[in-house]
Amino acid sequence: MSDPILSAIPNFNLFGEAGDLPDVVHCETIETRSRLHDWELGAHRHARLHQLLYLQSGGGQVSLEDKRHALPPGTLVNVPIGLVHGFTFQPETSGLVVTFAAEMLDQTLRAGEGVREMLAMQTVMPAPAAVVESLRAIFTTFSGRDFARAQILRSLAGLVLGQVARAIDAEGGGAHRPAQTALLARFESLIDAHFLDRWTVADYARALAISPAHLSRVARTHTGRPASGLIEERMIREARRNLVYTNLPVSRIGYALGFEDPAYFTRVFTRATGLSPRAFRRKLTEA
């Protein structure tokens, strides 16, 4: 049975459930969205999006799960995928919000390097000058339509993610990471390594030396979804990437992901995204 409180927390997707892949990143000012909501964004989570917020001037507060933090000028906030968060800003606060789709993180971050684990930590800290410079470069590039825009955005995205991970590590993030957050990061790393092997929740729990029930409790607490949902979500992300970035037939993509029946793959994908694989590919092609 799902937790009614967790179920009541909205899941937002800036790009739409089926339209979050055409651009490399999304970048906007804090003012753009906050002014429309009287400078307050209630508690919510993003199922497929990772965000960085840089507060340049003004101030406010951020809630990350059950903790509240002041936001003085010069603050950087790292908001991992699935984290419940909300903001209250002083009127006319300025800054930048950069959002990365989960698929982009999958392409950019390599397993075993520790960057993904650092970025999975909720963090509020003084913004390093190098990170601010990279965020501003992303905003400038995102706002334009110059040649090689997507390539430059990909490079800048990889740069700033690495810079933020390094800053979190320098702040002692790894040493102070809550045990459950660390467990979730290890689980997500294992999913990246074994989702094509079609491991079950029991397989992952065994590798983590915990019970399947405990693994699902931790997953649901931090993401609002059970462990099985995170495993399926990783599979769907891989399917979506292949549908967008390759010309492989839908049946071939399903077989590559371990689905012996193309019709079953279509049902699973449709249930998860609201569109059939062919409709999903056609929609993005037309975007």
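Below you will find a few notes about this structure. Since the model is a prediction, treat every value here as computed from it, not as a measurement.

**Some details on the nonpolar core**
- Counting 32 residues, the largest nonpolar core has Val 25, Phe 100, Leu 135 and Val 160 as its most contacted members.
- Within the residue set of this core, elements represented by two or more residues are strand E1 (25-29), strand E3 (49-57), strand E8 (94-101), helix H3 (102-108), helix H4 (115-119), helix H5 (129-143) and helix H6 (149-170).
- Broken down by element, this core gets its largest block of residues, nine residues, from H6.
- Contacts of Leu 135, omitting those with residues within four sequence positions, involve Leu 52, Tyr 54, Leu 76, Leu 96, Val 98 and Val 160.
- Counting 28 residues, the second largest nonpolar core, distinct from the first, contains Leu 184, Ile 236, Val 268 and Phe 269.

**Considerations on helix H9 (residues 201-208)**
- Residues of H9 that are buried: Val 201, Tyr 204, Ala 205 and Leu 208. Taken down its axis, H9 places every buried residue within 100° of arc, on the same side.
- Taken from the residues just after H9, Ala 209 is the one with a positive phi, measuring 60°.

**Topic: the packing of aromatic side chains**
- Scanning the entire structure with this criterion turns up seven aromatic pairs.
- Geometrically, the ring pair formed by Phe 265 and Phe 269 is tilted, given 6.2 Å between the ring centres and 50° between the ring planes. One end of the pair is Phe 265 and the other is Phe 269, both in helix H13 (residues 262-273) and four residues apart, which spans about a single turn.
- Through successive ring pairs, a cluster of aromatic residues spans Phe 259, Tyr 264, Phe 265, Phe 269 and Phe 280.
- A cation over a ring is seen here: Arg 198 above Phe 259, with NZ or CZ 4.7 Å from the ring centre.

Here is what the cut-offs are and how they apply
- Residue positions are counted from 1 within each chain, in the order its sequence is given.
- In view of the model being predicted, local features appear only for residues whose pLDDT reaches at least 70, and side-chain atom pairs are presented and counted only at 80 or more, with totals across whole chains, interfaces and linings using the full set of residues.
- Derived side-chain values reflect all non-hydrogen atoms in the structure, with water molecules and hydrogen atoms excluded from consideration.
- Here, the term nonpolar core denotes a set of buried Ala, Val, Leu, Ile, Met, Phe, Trp, Tyr and Cys residues that are joined through side-chain atoms within 4.5 Å.
- Residue burial is assigned from relative accessible area. The probe radius is 1.4 Å, only protein chains are included, and a residue is buried under 20% of its type maximum, exposed over 50%, and partly exposed in between.
- The helix count covers DSSP runs of H or I at least four residues long, the strand count covers runs of E at least two residues long, and both are numbered beginning at the N terminus.
- Note on definitions: a residue-residue contact is assigned when non-hydrogen atoms from the two residues lie within 4.5 Å.
- For this quantity, the arc is that covered by the directions from the helix axis to the C-beta atoms.
- Any Phe, Tyr or Trp ring, taking Trp's six-membered ring, that has another such ring centre within 6.5 Å forms a pair; planes under 30 degrees apart are called stacked, those over 60 apart edge-to-face, and the others tilted.
- Here, a charge over a ring means that NZ of Lys or CZ of Arg falls within 6 Å of the ring centre while also lying within 35 degrees of the ring normal.

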